Amino acid sequence: MFSITPIASAAAVSGLGVDDVWREAAESVSAWLQEVGASARHAVILLPQVRHLQLARQAWSRHVGGWLPRIETPQTLSGGWLPASPSVPGLITFDVAVDRLTAVGLLREASFTRGSDPLALDHALTALVQTAHGMARAAGLVPPQLREAHWQACREVLTGGRGPAGRERALAMLALEWAALQMPPRTDALFPSAQGEAAGVSAWVAVQAGGVDPLAQAVLRAASLSQPCGWVDLDGPASITLAHETSSCAVELPLPGRPQVFQVAVCEDFEDEAQRSAAQVLHHLSKGESPVVLVAQDRVLVRRVQALLARQQVAIQDETGWKLSTTTAAALVMAWLRLLRSQASLDEVVDALKLVPSQQDAVRSLEGVLRRRNWRRLEQVELARLPAPAALVWQDVLRLRGQFEASSTYLLQGWLALFEAVLTAFGLVKVLASDPAGTQVLAALRVSARDAVFEQVGRSLGPLDVSLFVSWVDQTLEHASFVPAPEPGALVVVTPLSHAVLRPFAAAVFPGADATHWGAPEGLHPLLTPAQAEAFGLPTQDRALLTQWVSMRQLTRVPRLTLLHRLNDVDERLLPSPLLERLLLLWESEAPARRVEARDVRLPQWVVPLPVQASGPAAPSLLPTRLSASACDALRTCPYRFFALRMLQLQSVDELEVGPEKRDYGDWLHKVLWHFHSKRTVAVSREESREQLRRVARDSQTLQGWDDAEFLPYFASFERLLDPYLDWLDDREAKGVYWLDGELEVTVSPPQWAGVKMHGVIDRLDSVAGEPPTLQLIDYKTGSAQALRQMVNTPEEETQLAFYAALMQSLAPGQALQAAYLPLEDGHRLREIPHPDLEHSAERLVDGIGHDLARLRAGAPLWPLGQGTACTYCQARGLCRRDHWAEPVAVPVSLEGAS
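Parameters at a glance
Residues numbered from 1 in each chain as written. Predicted model: local features only at pLDDT ≥ 70, side-chain atom pairs only at ≥ 80, totals over all residues. Heavy atoms only, no water. Patch = residues over 30% accessible without salt bridge, like charges linked within 9 Å, V, L, I, M, F, W, Y side chains within 5 Å. Areas by Shrake-Rupley, 256 points an atom, 1.4 Å probe, with all protein chains shown as cover. Salt bridge = Lys/Arg side-chain N within 4 Å of Asp/Glu carboxyl O. Lys, Arg positive; Asp, Glu negative; His and termini not counted. Charge placed at Lys NZ, Arg CZ, Asp CG, Glu CD. Helix = DSSP H or I, 4+ residues; strand = E, 2+ residues; numbered from the N terminus. Core = buried A, V, L, I, M, F, W, Y, C linked by side-chain atoms within 4.5 Å. Buried < 20%, exposed > 50% of the residue type's maximum accessible area, 1.4 Å probe, protein only. Contact = heavy atoms within 4.5 Å. Pairing = 2+ DSSP bridges. Axes fitted to C-alpha atoms, helices over the stretch in contact; angles between N-to-C directions. Arc of directions from axis to C-beta. Polar contact = N/O pair within 3.5 Å; in protein donor to acceptor, adjacent residues only side chain to side chain. Phe/Tyr/Trp six-rings, centres within 6.5 Å; stacked < 30°, edge-to-face > 60°. Lys NZ or Arg CZ within 6 Å of the ring centre and 35° of its normal.

Visitor: Even after reading the chapter, I still don't get a negative patch on the surface, so can you show me in this structure?
Guide: Together, Glu796, Glu797, Asp837, Glu839, Glu843 and Asp847 make up a region of like negative charge exposed at the surface. Looking at the element boundaries, Asp837 is found in the loop between β22 (833–834) and α30 (838–857).

Visitor: When you look at the nonpolar core in this model, what are you seeing that I'm missing?
Guide: Side chains of a nonpolar character, in soluble globular proteins, are inclined to be buried together. Trp336, Leu353 and Trp472 are the most contacted members of the largest nonpolar core, which has 95 residues in total. Ignoring anything within four residues of it in the chain, the contact list for Leu353 reads Trp336, Leu339, Gln360, Val363, Leu366, Val393, Val397 and Phe426. Ranked by size, the runner-up nonpolar core spans 54 residues in total, among them Met758, Leu801, Met808 and Ala860.

Visitor: Honestly, unusual backbone geometry in this entry has me stumped. Any pointers?
Guide: Working note: non-glycine residues mostly have negative phi, and peptide bonds are mostly trans. Put simply, Ser290 and Pro291 share a cis peptide bond, and its omega is 0°. Tracing the chain through its elements places Pro291 in the loop between α9 (270–286) and β7 (292–295). For Phe94, which is not glycine, the phi dihedral falls at a positive 65°. Tracing the backbone shows Phe94 in the loop between α3 (74–81) and α4 (96–109). Located in the positive-phi region is Val570, a residue other than glycine, with phi close to 60°. Among the structural elements, Val570 can be located in the loop between β14 (568–569) and β15 (572–573). Residue class for Val570 comes out exposed when judged on its relative accessible area of 80%.

Visitor: Explanation requested: the environment of Ala507 in the structure shown.
Guide: Within the secondary structure, Ala507 sits in strand β12 (residues 507–510). Judged by its relative accessible area of 0%, Ala507 is buried. Not counting chain neighbours up to four residues away, the residues in contact with Ala507 comprise His284, Pro291, Val292, Val293, Val558 and Arg560.

Visitor: Quick question: what am I supposed to make of the sheet that holds strand β3 (residues 70–72) here?
Guide: Sheet strands associate in pairs through backbone hydrogen bonding, adopting either a parallel or an antiparallel arrangement. Overall, parallel pairing links the 5 strands, which are arranged β1-β5-β4-β2-β3 in an open sheet. Among the strands making up the open sheet, the edge pair consists of β1 (4–6) and β3. In this sheet, adjacent strand axes meet at a mean angle of 20° when their direction is disregarded. In this sheet, strand β5 (residues 229–233) lies alongside β1 in parallel orientation, the contact comprising 3 bridges.

Visitor: Looking at this model, I keep getting lost on the environment of Gln867. Mind explaining?
Guide: Positionally, Gln867 belongs in the loop between α30 and α31 (869–872). Overall, the relative accessible area of 65% leaves Gln867 in the exposed class. Put simply, Gln867 and Thr637 are 230 residues apart on the chain and 8.2 Å apart in space, counted from C-alpha to C-alpha.

Visitor: Is there a simple way to explain the environment of Leu366 in this structure?
Guide: Among the secondary structure elements, Leu366 is positioned in helix α13 (residues 360–372). The class for Leu366 is buried, based on a relative accessible area of 0%. Sequence separation of Leu366 and Gly512 is 146 residues, and the distance between their C-alpha atoms is 47 Å. When sequence neighbours within four positions are dropped, the list of residues in contact with Leu366 reads Leu353, Leu386, Ala390 and Trp394.

Visitor: Would you mind going over helix α28 (residues 785–792) with me for this structure?
Guide: Because the α-helix completes a turn every 3.6 residues, residues three or four places apart line up on one side. Buried within α28 we find Ala785, Leu788 and Val792. Here the buried residues of α28 occupy an arc of 60° about the axis, which is enough to place them on one side. On its buried face, α28 sits against β20 (774–781), β21 (816–823) and β22. Of the residues that open α28, the one with a side-chain oxygen 3.2 Å from the backbone nitrogen of Gln786 is Ser784.

Visitor: Explain the packing of aromatic side chains to me, please; I cannot follow it from the model alone.
Guide: The relative placement of two aromatic rings is captured by the distance of their centres and the angle of their planes. All chains considered together, the criterion is met by 19 aromatic pairs. Aromatic side chains Phe469 and Trp472 sit 6.4 Å apart centroid to centroid with 25° between the ring planes, which places their arrangement in the stacked category. One end of the pair, Phe469, and the other, Trp472, are both in helix α19 (residues 466–479), 3 residues apart, so they sit about a helical turn from each other. Each of the two residues, Phe469 as well as Trp472, counts as buried. Aromatic pair Phe803 and Tyr804: ring centres 6.2 Å apart, planes at 75°, arrangement edge-to-face. An aromatic cluster is defined as three or more aromatic residues linked by ring pairs; in this entry it consists of Phe404, Tyr410, Trp415, Phe454, Phe469 and Trp472. Above the plane of the ring of Trp67 lies Arg41, whose end atom (NZ or CZ) is 4.2 Å from the centre.

Purely geometric stuff here, so don't read any function into it on its own.
Quick look at the structure:
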């Protein structure tokens, strides 16, 4: 019987660089093998990472020579000794896509999940798979002959007890029994009881770097019964445990490395930290200090750093990647799944169609019709009213959606085949196949690929509804990773802290060294307490924290080390990581004069100040062929806004299927009153009029596609308006004022406008009894009556009523006219607000706009003249850049100044 012998090596505490550490380790292991009389040729050296294999083999060849031992990791060694076991349906495969399907079947049979809502079931499914995977991996560290006893001990830990955690305990028991059924892992070949190739090993050596490898420990404990076993600790006992630092027995050894440059940068916020990190990487590269490791502690921050480096054409090798669900290819797949659901919105359908390269023209045509006709729901779309290309696309969408809705009894493989047919029909399979991330998406979903185990698991589940299929696709993409191929000539490596250990980097840049992103404990096992996780042999938070600390100590072997952290994250104050403070204290106790604050290496850019002046573009060729009242108001209020929104047509585009807003309520109310009056008989009772108004309102709401819930606040306002409106109507009719027409669309061509037409829709036209008979224009308003009174108090600045009066004067010359606003304020008595100087205002409007149009045709600039609220709510404010002007614009007060 042998014991596990510590192999003496000064590498752990000597301050050696990476190359010297591997040399020292090789020489120490060689000397120990000679001491115990073991053949180096038949010895096995186990390393913690695949990335260390080449480094260790090169060190042995250069500094020791002779027969090269078998230098492997536990996984690569067992993979060479024993072929992979075939996957068995129903057992754990460690493929999340397959195991989630198996877990669905397990939960269907579990009584404690019946009646749960879909979100709770999805949470239980994720927790079940995560816990079962952890339990199965932990059991693989146990020698095969002790594994059954291990499972029995785990059952005893979970059995018994009642209380609020009963559901979690039941899920944990289910995960345990599922994990206990797993096939023996390939690493069982490393244990002597396997009677395999391990019997021919002369000695075992495990190298520890960046934390303890539990599997290597288990193999050495089992092998020490019959073979010489050695242990090389390149970490050194960093401390007894981080969890008991206050204990008097806590011992901290010196740092193993001595960087030439050790610096810390304190940044203001996220962007400042990203820029300084990128600048630090570029600084090292400019001095020939490569390769550089960019430690991916804060993945979101590092993605931003990568984007900044990409602008400088820096080649990067990303060893971490990112979630497949965040790629463009995954977004395309999920967009089309949302399109095919029965509850898909019109916006989701249009968004998915925009991703089809070959249908862009047809989709633009389709979206244009949807917006012009104000269709907000799929059921409102009338196929006959669509132009031919858009109609063909819409027919394909309806056909495919119908197939999905009729496929409620499909098996998983049937759903995938149907979805593949959908993607193929629109040419999206080729689009995905041309993208590296898209290729991985197709592989993760088993599109166009056969997987016998996957298909058998899918068949065992039976029929799935579409929501479960969509959830499976979403979670499959969420748990898969996309790792891009290394860029040629990459001198920057992005990798986690644990993977940067003992690798020959010239410099290390470590952003994200704050308390939130480095050293913060995380919930590793959602169904187990920390005590239960430790009893199962699962990684605990204390062990994870210690591993981070040990890995950081090893990173000090890099010659140049820069750590960065920020003080603010949006509205949250961040503190430096406790591990960073611990590192600084230890470093300052050893070399107080060598630590420096990081210099900001961003290169200053000298920029000549260019004051921003107000823009006054001239665009005679862009003059519209017709103007509305609002367009005229925009021209009078701010010519630049007229230029941006009317001439360049840069209006913002809203979503198609959006809930009703105040503006929508006003449009709806206009239509309701027009339908009511066009069908109303004067000699009806008040109650009949009220019911008729309600009926017209409900019909109009249905036509707009708004359900009762989203339209409830507006319909309540309408109910409060009914009686005040009918009172106002009765009072007018008693005075001999009657409704003539409404929603009257009028287009005229004033001679002063030289071909530009006036176009408007008059809300209401009433006949006023008297001599002579008079026409009264009524413009409905749902805004404040006080604001309307202020508007008509300065009639020369009022546009809308004057514009409508000019329309009617051209349409019916010589007719006596009146005009008024009617504020439809619910719960208030309604009173018209008449225009006091209608005829003169209409003439001045037509002449003034005609003068302005003539000047614009001649090349007059359109200056930004808006003031006050006209600028506060202007959509073109970012274009005119009013907030950045060097000085106020010195131009005429208005284009009409000379009229």
